[in-house]
Amino acid sequence: MSFGETPLTLVGNLTDDPELKFTEGGAALAKFTIAVTPRSFDRTSNQWKDGTTAFYRCAAWRTLAEHIADSLKKGSRVVASGRMRQHDWTTEQGEKRSMLAVEVDDIGASVRFTTVTINAKRASQNGPAGDDPWASTGAADGATSSEEPPF
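Student: Can you break down the environment of Ala-60 residue by residue, with the values?
Tutor: Within the secondary structure, Ala-60 is located in strand β6 (residues 54–61). Exposure remark for Ala-60: the relative accessible area of 0% places this residue in the buried category. Separated by 30 residues in the primary sequence, Ala-60 and Ala-30 have C-alpha atoms spaced 5.2 Å apart. Look past the residues within four positions of Ala-60 in its chain and what remains in contact with it is Ala-28, Leu-29, Ala-30, Phe-32, Ala-65, Ile-68 and Val-104.

Student: Break down the nonpolar core for me, with residues and values.
Tutor: Leu-10, Phe-32, Ile-34, Cys-58, Ile-68, Val-104 and Ile-107 are the most contacted members of the largest nonpolar core, which totals 18 residues. In terms of residue count, the dominant contributor to this core is strand β3 (residues 28–36) (5 residues). Contact partners of Ile-68, with chain neighbours within four places excluded, come to Pro-18, Ala-30, Phe-32, Ala-60 and Ile-107.

The rules behind the values
Residues numbered from 1 in each chain as written. Predicted model: local features only at pLDDT ≥ 70, side-chain atom pairs only at ≥ 80, totals over all residues. Heavy atoms only, no water. Helix = DSSP H or I, 4+ residues; strand = E, 2+ residues; numbered from the N terminus. Buried < 20%, exposed > 50% of the residue type's maximum accessible area, 1.4 Å probe, protein only. Contact = heavy atoms within 4.5 Å. Core = buried A, V, L, I, M, F, W, Y, C linked by side-chain atoms within 4.5 Å.

Structure, rendered in structure tokens:
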């Protein structure tokens, strides 16, 4: 994250299935919206009250985008971290427009109200463990890899 960016964490529900697209260069892009509704306890009525729902337009890139499209669906409760980005453009009529969106760096299913099952799919050009330098190399006898640690 660069200096001056606005980091944030969102806890909410997906409003629709993530939309997966690919750029001309082949990079995966997932677009989705997270609805966040604050709740507070009203001691007078002894009930929970919902506040005003905020809708955050989100985007994720590359492998993360593909995993989001494969794993999450409308209604999924998620915890997402990323940063706020402003996008500016000019319409065909010459009107200047801008919008805020969240560029998601990491996202996971919330286990506060449900359980999830993790299916590890980490094969890539870095070997069977993907890009995780701490993943097991599969040595059953406890032997370590001949490679040096990545630091």
